[in-house]
Amino acid sequence: MTSSDEPADSGERDQHAGMMVRRFGPVGARRVIILAAAVIAVLVLAQVWANVWTNQLWFKSIGYSSVFRTEYLTKTTMFIVGAALTGGLIWVSMWLAYRQRPIYAPVTAELDSMDRYREAIEPFRKAAFWLVPLVFALFTGSAAIGQWKTALLWLNRQSFGSKDPEFHKDIGFYVFTLPWLQVVIGFVTMALILSLIAAVVMHYLYGGIALRDKGVRTTGSARIHLSLLLAVLVLVRAVAYWLGRYNLTTTDNSLFTGIDYTAQNAVLPAKAMLAGAAVICAALFVATIWTRTWRLPVVGLVLLIVCAIVLGAIYPALVQRFKVRPTEQSLQSPYIAQNIEATKKAYGLDKVKVTSYTPTKKTSAGQLAQDAETVPGIRLVDPSIVSPTFRQLQGQRNYYQFGNTLDVDRYKVDGQIDDAVVGVRELDLDGVPASQRNWVNDHTVYTHGFGVVAAYGNERTDDGQPVFMESDIPPVGKLGDFEPRIYFGESSPRFSIVGGPAGGPKRELDYPRTSSGGEQRTTYTGDGGVGVGSWNRKLAYAVKFHDLNFLFSGGINSESRVLDTRNPVDRVKKVAPWLTVDGDPYPVVEGGHVQWVVDGYTTSAHYPNSQLQSLGNATTDALTSSSDNLRRLAGGRVNYIRNSVKATVDAYTGKVTMYAWDKKDPVLKAWMSAFPGTVKSMSKIPAGLMSHLRYPEDLFKVQRELLTKYHVTDAGQFFQGNDQWQIPTDPARGNREQQPPYYLSVAMPDQKSPTFSLTSTFIPTGDRQNLAAFMTVDADAGSTPGKKSAGYGTFRILEMPRNVTVKGPGQFQNDINSSQAVSPTTKQTLAQFLTYNKQVGSEVQEGNLLTLPVGGGLLYVEPIYVRAAGNTSFPLLKAVVVGFGDKLAWDTTLDGALNELFGGDSGASAGDSGQSSTPSKKPSPSPSSSPSSKPSKSSKTDNPELKSALAAANKWYSQGEKDLKNGDFAAYGEDQKKLKAAIERAIEAQGGAAPSSSPAPKSTDGK
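My aim in this report is to walk through the structure given alongside it, one point at a time.

So, how was this worked out
- Residues numbered from 1 in each chain as written.
- Predicted model: local features only at pLDDT ≥ 70, side-chain atom pairs only at ≥ 80, totals over all residues.
- Heavy atoms only, no water.
- Helix = DSSP H or I, 4+ residues; strand = E, 2+ residues; numbered from the N terminus.
- Buried < 20%, exposed > 50% of the residue type's maximum accessible area, 1.4 Å probe, protein only.
- Contact = heavy atoms within 4.5 Å.
- Axes fitted to C-alpha atoms, helices over the stretch in contact; angles between N-to-C directions.
- Parallel < 35°, antiparallel > 145°, perpendicular 65-115°, else oblique.
- Nonpolar A, V, L, I, M, F, W, Y, C, P; charged D, E, K, R; others polar.
- Pairing = 2+ DSSP bridges.
- Phe/Tyr/Trp six-rings, centres within 6.5 Å; stacked < 30°, edge-to-face > 60°.
- Salt bridge = Lys/Arg side-chain N within 4 Å of Asp/Glu carboxyl O.

**Quick notes on the overall build of the chain**
- Within the chain one finds 26 helices and 34 strands.
- Per-residue burial for the chain yields a buried fraction of 53% across its 1007 residues.
- Expressed as a percentage of contacts within the chain between residues at least 6 apart in sequence, the contacts between residues at least 24 apart total 70%.

**Section: the packing of helix α8 (residues 261–291) against helix α10 (residues 328–346)**
- Two elements in contact, α8 and α10, have axes separated by 8 Å at closest approach and are oriented at 95°. As far as their axial angle goes, α10 and α8 are roughly perpendicular. Contacts from Y261, Q264 and N265 of α8 reach α10 at L331, Q332 and Y335.
- Along the lines of polarity and charge, the residues of the contact of α8 with α10 split into three nonpolar, three polar and no charged.

**As for the sheet that holds strand β13 (residues 495–498)**
- In spatial order, the strands read β13-β17-β16; together these three strands make up an open sheet with antiparallel pairing. The open sheet has two edge strands with one neighbour each: β13 and β16 (530–531).
- Bridge count between β13 and strand β17 (residues 561–564): four bridges; the pairing is antiparallel. Among the inter-strand pairings, S496 is bridged to a residue of β17, identified as L563.
- Packing against the sheet, helix α13 (residues 535–545) makes contact with β13, β16 and β17, and its axis sits at approximately 25° to β17.

**Some thoughts on the packing of aromatic side chains**
- Taken as a whole, this structure holds 43 aromatic pairs when the rule is applied.
- For the ring pair Y174 and Y246, a centre distance of 6.3 Å and an interplane angle of 75° mean the geometry is edge-to-face. With a gap of 72 residues between them, Y174 in helix α6 (residues 171–205) and Y246 in helix α7 (residues 220–247) connect regions that are remote in the sequence.
- With a centroid separation of 5.4 Å and 0° between ring planes, the pair formed by Y743 and F756 is classed as stacked.

**Quick notes on the packing of helix α9 (residues 295–324) against α10**
- Put simply, α9 and α10 touch, their axes get as near as 9 Å, and they point 120° apart. Between α9 and α10, the crossing angle belongs to the class labelled oblique. Together, Q320, K323 and V324 of α9 and E328, L331 and Q332 of α10 make up the contact between the two elements.
- In terms of residue class, the contact of α9 with α10 is built from two nonpolar, two polar and two charged.

**Considering the pattern of salt bridges**
- Considering all chains together, one arrives at 18 salt bridges under this definition.
- D414 is paired through a salt bridge with K478; the nearest N and O atoms lie 3.7 Å apart. Note that D414 is positioned in the loop between β5 (407–413) and β6 (416–424) and K478 in the loop between β11 (476–477) and β12 (485–486), a separation of 64 residues in sequence.
- Taking the relative accessible area as the measure of exposure, D414 reaches 56% and is therefore exposed.
- Classification of K478 as partly exposed rests on a relative accessible area of 39%.
- Ionic pairing is found between R485 and D510, a salt bridge with its closest N-O pair at 2.8 Å.

**Some thoughts on unusual backbone geometry**
- A cis amide bond links I473 with the next residue in sequence, P474, at an omega value of -15°.
- One can find P474 in the loop between β10 (466–471) and β11.
- Positive phi outside glycine occurs at R292, with the angle close to 55°.
- You can see R292 is positioned in the loop between α8 and α9.
- Overall, R292 belongs to the exposed group, its relative accessible area being 64%.

In structure tokens:
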């Protein structure tokens, strides 16, 4: 069945075409087609103009015009060179073939038919002479644009100062020069093939090549033309064979990346011989000019193909099978050693400190006295769980949101550095009532988020809520005065139009006034964004965003500015397209502003003999798979990476500042040479910002993935693979993704005091779940302006003995799920606590499972959150489970759990034994804590309502078990109802209501 608006068949289409011709005439129909093509061309050109001009305005607005100029100039040059190379060669081939065509009268039926065919295509010949080269030139020029970074790196190449062991060339040759030579070889090969095809077609059409019964006949000019093209093509392949020798340094084999025994002893000689054979073959093609026969070059080309198959594939396979495999370990060991050394250098793992560690399993009173400084730094607030809690307690309105996963940072509060969980109150347009959703509100009224919320990492209120060090609107807390408005963030709208004349009406919703129920309005006064007051700029943005409201909206005035590309990651990518950007920017309050910190990496896939690794796979874990504001690294496979740049993005102005973090990195030096002045020296980093910089999580994940194999130093042990590790799956979330690393203040055995670190665990490869190693990297950059701390980036691995079984994270999680340990506060077993909360419809969420080397052993700590049934509920920290050796304990606080675990007194104070709902300073740990000090009691023990409810719940749970065992299902049903009522009473008594404090605002005008 056909639509009435479309022709049903070809006959009907012809009828429509005929009607068009009859209506407009042949000339008129042609004009209609030309007009339609012109309209399409104008629309395309308008879109290109709008995109290019608005991009130029964007770069100019943030002070990176040089990036725009360099990028577009390089892309334009690459396009012109690529298009000219291919299009020029094709045109020259076609022109030569046509000019040297034989002129004779047709004497055979074949020649007569070709002559008639030439006459038929003659009217289109001139157009084809330009159209065919132009089409291929556009395609190849567009492809050449994609190689602009490779060209810039080559033009600004640097020396690594070290050479590879096989060819003794500087590493810079492989990273900068070799990729460019491969690009050139690829484009020249493609251009020659296309020009050869064009030459063959033209010579055939115009008689230079004729098919006869006795074979193919070519004229002298055609033979010279084709033989020279083929000779150059084969010579280019000879160069490719020779360069292919260097490519072996980054070729994967069955064991590792790089040159192995087979490559050195079979493939390398084969490629050298093939390069020589290709040169001889090229000479044979040239010789046809004088021999006037294709026999020799054809024979040479066939022999070259045979040699490529035999020498390039069969011979190496035979060497691998009959020479290498019987004695592979001894033959491959020298090459494995090269791979281990190169991999550790390329990934910055050449100075890892590996220590044997035999953890004790015994517990005794006061055992943590020596770790009294570490215990208060154990973070209980899980940033991947408490986002709904932040949203309910600090969201204020539905149009504010926090990311699914919050960030961990450090702040100096009252002279003491505290770990903090930080979230930014960003704008969420989906939370605006549907009746208020329109273009004006979406783009000129709801323009920004407001404020930062921060909670102490190891404190909780009596009812399990976080203790905030910064909260509310306007912001109140310990972080000082700062500009709270968030115009640039991870969840900012695609674009907003802000600003206006001084003294004019304030359109933008600033924040709700909770006391009066009204709204505070504001006008953006920053210098971020692009001025869009003039008509031509309105037109450009209307075309760019396909939005005519730019032209007709009364909300745009002469002082208006358009804010776009607002995600911090996207902004850094745009000003530094050569960086691989970390997927998790984090906010810091510094210098009176909220700054997003973004880590940037320089990478390469050409470091000789270093192991290739997929960035996406290495940086995927349980959090990136479930969170909407965490991205895994995108960049394909690499074998070299450096955290070379620390960038900041101002949340109010959008200003991007980049600092050179690894000034020794040759790749960074090359890019700084290509884009001078865009990256500042590390010496420009202020002390306030330096104290918030940290070792990046994505880089750590890439490195820990490698260390599952490359923690060994012996080539024979590496070959056998009997000491390989793996990263455990996240036991707290029960999925198959890897456990994420955790930021934690911890002291390793060789450290005198705890250091802000990034930590991870390893288990043996296979089915065993016992702990194989524990690893940290010093993540604290220090607070000295422009200078990293001495220990920053130091890797430490505690390797467990093979003859001792140490519980791994998964095994500890299994213990939690089946534990009968009794809380000293609630008098419940852990199993009862979990069962009670699950049976009434509440959700039990197990927090981040932390591992710490304290007390001479290994301590596991896992917070337990409970979320009541209902859409407005949120997770509350209700219990903490700890484990040491084969012993497990739990309580409502970490202090209580540790004291229970270590014989009534752990010897240290965690400082979480119940806090008021208002922010308060936690007690400083005392290094002189003695075993005789008494543990503090949680205020929960003084809650008679809670005690009564828990006793009733315990009673009806036990009664229900008896009735169920006796088969009295009616009584069991009644028991369950009473049990549910008791649990609801307990939750109500334990949870409490959200705090309703009203701290005095910093200002009344929102400034």
